[in-house]
Amino acid sequence: MAGLVLAPSILAADYARLGEQVREAEEAGAGWFHVDVMDGHFVPNLSIGIPVLESLRAVSDSFMDVHLMIDNPESFLEPFASAGADLITIHQEVATHLHRDIREIRRLGCRVGVALNPSTPPETLREVLPTIDLVLCMTVNPGFGGQAFIPEVLDKVARVRRMQTDLGIESLHVQVDGGIGPSNARQAAVAGADVLVAGSTVFRGEGTIAENYGAIRRALAVDV
């Protein structure tokens, strides 16, 4: 399972020590970070914005995966691209003109992701799947870190992979986000996820960041 990516979510980090904690995760092996942006409308919480991403980019060359859990995402594509996003993920549920937004993200020089809430069928992405780089299957209802993993979403991950095969798409990341830890990371990978987001388990677990990150990597080390 060497090709799997484990991406710490900075939503769970200590913001007074954000740069330091990102460096700790990088030293543990992380090269991809997940940046959750919430607006208090699409999801019932507020989180970070453009200045935090700019600050992160100033201290890190790692891959920055920006997840926009916001209404009207089209209004913020250019600012987040300019702030240093490598990949921008928008939600199918709020993108009125999804194809147009996908093309705009690509024009801005970023990779493209589309996220699905737990209740949204993956078949809603069939028409755009060949044009994107990543599908994010939320394994919790978005809005807050530390929620319990929803195992039923794993069937959705498998359905995305089947749809990829049916459409003859050679390369597609399938990401899971929410409640990921050593106890379920391997299940998600077996279902077809190749990018796993972990926030609370990495930054707020019982051990150090390196120990917590390593525990999930070890859970993924068994061949499938």
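Now for the overall build of the protein chain. Helix and strand content of the protein chain: 8 helices and 8 strands. For 224 residues, the compact-globule estimate of 2.2 N^0.38 gives 17 Å, and the C-alpha radius of gyration of the protein chain, at 16 Å, lies within 12% of that figure. Across the 224 residues that make up the protein chain, the buried fraction comes to 52%. For the protein chain, the share of sequence-separated contacts (at least 6 apart) that also reach a separation of at least 24 residues comes to 64%. Positive and negative side-chain charges of the protein chain, numbering 17 and 29 respectively, have mean locations separated by a distance of 4 Å.

Let's shift gears to the pattern of salt bridges. Counted according to the given criterion, the structure contains 8 salt bridges. Note that R17 is salt-bridged to E24, the shortest N-O span being 3.1 Å. On the basis of relative accessibility, which here comes to 25%, the residue E24 falls in the partly exposed class. Residue E104 pairs with R107 through a salt bridge whose shortest N-O separation is 2.9 Å.

For helix α5 (residues 153–167), built from 15 residues, the straight-helix expectation of 21 Å at 1.5 Å per residue is met to within 8% by its first-to-last C-alpha distance of 21 Å. Along α5, the residues classified as buried are V153, L154, K156, V157, V160, R161, M163 and Q164. On its buried face, α5 is in contact with β5 (111–116), β6 (134–138), β7 (173–177) and α6 (185–191). Positioned one or two residues after α5, G168 has a phi angle of 70 degrees, which is positive.

With 63 residues, the main nonpolar core has V35, L68, I88, V135 and L196 as its most contacted residues. Not counting residues within four places of it along the chain, the set of residues in contact with L196 comprises L4, V5, L6, A7, V176, I180, A185, A188 and L220.

Mapped onto the elements of the fold, V197 is located in strand β8 (residues 195–198). By relative accessible area, which is 1% here, V197 ends up buried. Measuring from C-alpha to C-alpha, the distance between V197 and L6 comes to 6.0 Å, with 191 residues separating the pair along the chain.

Through backbone hydrogen bonds, the strands of a sheet pair up, either in parallel or in antiparallel fashion. One open sheet accounts for 8 strands, arranged β1-β8-β7-β6-β5-β4-β3-β2; its pairing is parallel. Edge positions in the open sheet fall to β1 (5–8) and β2 (32–38), since each of these has one partner strand only. Strand-to-strand twist of the sheet, defined as the mean angle between neighbouring strand axes without regard to direction, takes the value 25 degrees. Summarising the sheet, β6 and β7 pair through 5 bridges and their orientation is parallel. Counted as the bridge partner of M138 is D177 from β7. Sitting on the sheet, helix α4 (residues 98–107) touches β4 (87–91) and β5, and the angle it makes with β5 is about 145 degrees.

Topologically, N184 is positioned in the loop between β7 and α6. For N184, the side chain forms a polar contact with the main-chain nitrogen of G181, separated by 2.9 Å. Ignoring sequence-local partners within four residues, the contact set of N184 consists of F149 and G179.

β5 sits mainly inside the fold: 5 of its 6 residues count as buried. Where β4 lies against β5, 5 bridges are found, and the strand directions are parallel. Note that in β5 the partner of I90 across the bridge is V114.

Thresholds, definitions, all that
Residues numbered from 1 in each chain as written. Predicted model: local features only at pLDDT ≥ 70, side-chain atom pairs only at ≥ 80, totals over all residues. Heavy atoms only, no water. Helix = DSSP H or I, 4+ residues; strand = E, 2+ residues; numbered from the N terminus. Rg over C-alpha atoms; globule rule 2.2 N^0.38 Å. Buried < 20%, exposed > 50% of the residue type's maximum accessible area, 1.4 Å probe, protein only. Contact = heavy atoms within 4.5 Å. Lys, Arg positive; Asp, Glu negative; His and termini not counted. Charge placed at Lys NZ, Arg CZ, Asp CG, Glu CD. Salt bridge = Lys/Arg side-chain N within 4 Å of Asp/Glu carboxyl O. Expected span 1.5 Å × (residues − 1). Core = buried A, V, L, I, M, F, W, Y, C linked by side-chain atoms within 4.5 Å. Pairing = 2+ DSSP bridges. Axes fitted to C-alpha atoms, helices over the stretch in contact; angles between N-to-C directions. Polar contact = N/O pair within 3.5 Å; in protein donor to acceptor, adjacent residues only side chain to side chain.

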